Amino acid sequence: DEFMRRLMGIQAMVPSGLSLLAIALTTLPLVLRRKFPWAVFVWCLVSWGLLQAELNGIALSVAGPLIALFTLASARSRAEAAIACAVMCLVLLVAPAPPEQSRILTQLTVFQNMALALAAAFAGYALHEHQERTRAIEERAIAAERSREAEDDALAPAVRQHLLERDRERLR
């Protein structure tokens, strides 16, 4: 791992206070992601893009925008998930790369981040579909149980009458 990092020109750095603040700005809003998925996604993505440009030479993690994208895709429709993923990929393409980073590493990082964005969107959408199917199955099970209970209630008087007649015949 260390050899590959050196070969690709990746320098190990101790994070500065500014970079820690940048990480906090791109991840702290995630607390509200279930209530406001679009707002949190836009905040995380825009703050990531702006801070990426400001932090000369430091590649900022896309974890915040990825988590926000996953949540948005799991809570909204397929069209909204696709739009959010496309917007994120566009921002990843136009975001400035650290100036001292090699061209191949920059291209690899952009490709990796776009692949992660697609994976997050697909995983979020898969969770959305799973939850919808589970909800539909539960509703069908509840309806079937109600139907069975209604049938039992309708048959109960006839069954009681039959049992009473049978008991009378046995007693004779």
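Look a little higher up for the structure.
Calculation criteria
Residues numbered from 1 in each chain as written. Predicted model: local features only at pLDDT ≥ 70, side-chain atom pairs only at ≥ 80, totals over all residues. Heavy atoms only, no water. Helix = DSSP H or I, 4+ residues; strand = E, 2+ residues; numbered from the N terminus. Buried < 20%, exposed > 50% of the residue type's maximum accessible area, 1.4 Å probe, protein only. Contact = heavy atoms within 4.5 Å. Areas by Shrake-Rupley, 256 points an atom, 1.4 Å probe, with all protein chains shown as cover. Axes fitted to C-alpha atoms, helices over the stretch in contact; angles between N-to-C directions. Parallel < 35°, antiparallel > 145°, perpendicular 65-115°, else oblique. Left-handed = near helix turned anticlockwise from the far one by under 90°. Nonpolar A, V, L, I, M, F, W, Y, C, P; charged D, E, K, R; others polar. Salt bridge = Lys/Arg side-chain N within 4 Å of Asp/Glu carboxyl O. Expected span 1.5 Å × (residues − 1). Patch = residues over 30% accessible without salt bridge, like charges linked within 9 Å, V, L, I, M, F, W, Y side chains within 5 Å. Core = buried A, V, L, I, M, F, W, Y, C linked by side-chain atoms within 4.5 Å.

Peer 1: Explanation requested: the overall build of the protein chain in the structure shown.
Peer 2: Regarding its fold elements, the protein chain presents six helices and zero strands. Overall size of the protein chain, expressed as C-alpha extent along the three principal axes, is 105 × 35 × 30 Å. Looking at the protein chain as a whole, 26% of its 172 residues are labelled buried. If you take every contact in the protein chain between residues at least 6 apart in sequence, the share linking residues at least 24 apart comes to 68%. Total accessible area on the protein chain stands at roughly 12000 Å², and carbon and sulfur atoms take up 64% of it.

Peer 1: Explain the packing of helix α3 (residues 37–54) against helix α4 (residues 63–75) here, please?
Peer 2: Remark: α3 packs on α4, axes separated minimally by 9 Å, with the N-to-C direction vectors making an angle of 160°. Relative to α4, the element α3 lies roughly antiparallel. Here the hand of the crossing between α3 and α4 comes out left-handed. Across from Pro37, Trp38, Val40, Phe41, Cys44, Leu45 and Trp48 in α3, the residues of α4 making contact are Gly64, Pro65, Ala68, Leu69 and Leu72. Taken together, the residues of the contact of α3 with α4 break down into eleven nonpolar, one polar and no charged.

Peer 1: Any chance you could explain the pattern of salt bridges here in plain terms?
Peer 2: For side chains of opposite charge, pairing can occur when their charged atoms come near one another. Enumeration according to the criterion identifies one salt bridge in this entry. Of the charged contacts in the structure, one is a salt bridge between Glu132 and Arg135, with a shortest N-O distance of 2.6 Å. Highlighted residues: Glu132 and Arg135, both in helix α6 (residues 103–171), separated by three residues, approximately one helical turn. Here Glu132 falls in the partly exposed class, since its relative accessible area comes to 35%.

Peer 1: Sorry, what's going on with the packing of helix α2 (residues 17–27) against α3 here?
Peer 2: The axes of two packed helices give the description: the angle between them and the distance between them. With their axes 8 Å apart at the nearest point, α2 and α3 run at an angle of 155° to one another. Relative to α3, α2 is oriented roughly antiparallel. Residues Ala22, Leu25 and Thr26 of α2 form the contact with α3, whose participating residues are Trp43, Cys44, Ser47, Trp48 and Leu51. Residues belonging to the contact of α2 with α3 are distributed by class as follows: six nonpolar, two polar and no charged.

Peer 1: Is there a simple way to think about α3 in this case?
Peer 2: An α-helical turn contains 3.6 residues, so any two residues separated by three or four positions project in the same direction. Under the 1.5 Å per step criterion, the end-to-end length of α3 is 26 Å for 18 residues, consistent within 8% with the ideal 26 Å. Every buried residue of α3 is accounted for by Pro37, Val40, Phe41, Cys44, Leu45, Ser47, Trp48, Gly49, Leu51 and Gln52. As for α3, its buried residues are in contact with α2, α4 and α5 (78–94).

Peer 1: Help me out: how do you make sense of a nonpolar patch on the surface in this one?
Peer 2: Together, Leu18, Leu21, Leu25 and Trp43 make up an exposed nonpolar region whose accessible area comes to about 390 Å². Looking at the nonpolar patch, the element that brings in the most residues is α2, giving three residues. Relative to the helices and strands, Leu25 resides in helix α2. When its relative accessible area of 35% is taken as the criterion, Leu25 is described as partly exposed.

Peer 1: Just checking my understanding: could you explain the nonpolar core for this structure?
Peer 2: Across soluble globular proteins, nonpolar side chains show a tendency to be buried alongside one another. Among the nonpolar cores identified, the biggest contains 24 residues, and Phe41, Leu69, Met88 and Ala117 are the most heavily contacted of them. Sorting the residues of this core by element identifies α3, α4, α5 and α6 as the ones contributing at least two each. In terms of residue count, α3 provides more of this core than any other element does, six residues in total. Among residues more than four places away in sequence, those in contact with Phe41 are Pro65, Ala68, Leu69, Leu72, Ala84 and Met88.

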